[in-house]
Amino acid sequence: PSQLEQRQHAFSDQARILTTIDHRALLHVRDYFTETDRQYLVFDPGQSRLLSEMLEGERRASLADAIKWADQLLD
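Owing to the predicted nature of the structure, the values given are computational and were not obtained by experimental measurement.

Undergrad: Looking at this structure, I do not really get the pairing of strand S2 (residues 38-43). What am I missing?
TA: For a regular strand, side chains alternate in direction, first toward one face of the sheet and then toward the other. Direction of pairing for strand S1 (residues 29-35) relative to S2: antiparallel, over a ladder of six bridges. Across the sheet, valine 29 pairs through a bridge with phenylalanine 43, a residue of S2. Counted along the chain from S1 to the antiparallel partner S2, the turn is two residues long, and its residue threonine 36 has a positive phi close to 50°.

This is the structure in structure tokens:
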């Protein structure tokens, strides 16, 4: 029981931090909760297309696109 309580407390602490992060490359965490010993994050709906959708029909991404995406991820 004490380990479960510690995990729930740690989840709440980390989830609270996630709700404060606002970055254009990340989905915003709107809320969080615990139910039936499981933890959940509630995200705002995403507006971007999936990478798989962007690449659909193309054989491979250009080097310039790959570098741009890497820069965005590392930002």
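Undergrad: Can you walk me through the pattern of salt bridges in this structure?
TA: A side chain of one charge can pair with a side chain of the opposite charge when the charged atoms of the two come close. Counted under the stated rule, the structure contains two salt bridges. Between aspartate 13 and arginine 16 there is a salt bridge whose closest N-O contact spans 2.9 Å. Separated by three residues within a single helix, aspartate 13 and arginine 16 lie in helix H1 (residues 2-18), roughly one turn from each other. Here aspartate 44 and arginine 30 are joined by a salt bridge, their closest N and O atoms 2.5 Å apart. Here the residue aspartate 44 occupies a position in the loop between S2 and helix H2 (51-55), and arginine 30 occupies one in strand S1, the gap between them amounting to 14 residues. Take arginine 30: its relative accessible area is 55%, and that puts it in the exposed class.

Undergrad: Sorry if this is basic, but what is going on with a nonpolar patch on the surface here?
TA: Among the surface-exposed residues, Ile17, Leu18, Ile21, Leu26, Leu27, Leu41 and Phe43 lie close enough to one another that they form a single nonpolar patch of about 600 Å² accessible area. Of all the secondary structure elements, the ones that give two or more residues to the nonpolar patch are H1 and S2. When you line up the elements, isoleucine 21 lands in the loop between H1 and S1.

Undergrad: How do you make sense of the packing of aromatic side chains when you look at a structure like this?
TA: Two aromatic rings, taken as a pair, are described by how far apart their centres are and by the angle between their planes. Counted according to the given criterion, the structure contains two aromatic pairs. Centre to centre, the rings of phenylalanine 11 and tyrosine 32 are 6.2 Å apart; their planes meet at 80°, and the pair counts as edge-to-face. Here tyrosine 32 lies in strand S1 and phenylalanine 11 lies in helix H1, a separation of 21 residues in the sequence. Judged by relative accessible area, which is 22%, tyrosine 32 ranks as partly exposed.

Undergrad: Mind showing me how you'd approach the environment of glutamine 8 here?
TA: For glutamine 8, the position within the fold is in helix H1. The spatial distance from the C-alpha of glutamine 8 to the C-alpha of threonine 34 is 7.6 Å, given a sequence separation of 26 residues. Apart from the residues within four sequence positions on either side, glutamine 8 is in contact with Thr34, Asp37 and Gln39.

What counts, and where the lines are drawn
Residues numbered from 1 in each chain as written. Predicted model: local features only at pLDDT ≥ 70, side-chain atom pairs only at ≥ 80, totals over all residues. Heavy atoms only, no water. Pairing = 2+ DSSP bridges. Helix = DSSP H or I, 4+ residues; strand = E, 2+ residues; numbered from the N terminus. Salt bridge = Lys/Arg side-chain N within 4 Å of Asp/Glu carboxyl O. Buried < 20%, exposed > 50% of the residue type's maximum accessible area, 1.4 Å probe, protein only. Patch = residues over 30% accessible without salt bridge, like charges linked within 9 Å, V, L, I, M, F, W, Y side chains within 5 Å. Areas by Shrake-Rupley, 256 points an atom, 1.4 Å probe, with all protein chains shown as cover. Phe/Tyr/Trp six-rings, centres within 6.5 Å; stacked < 30°, edge-to-face > 60°. Contact = heavy atoms within 4.5 Å.

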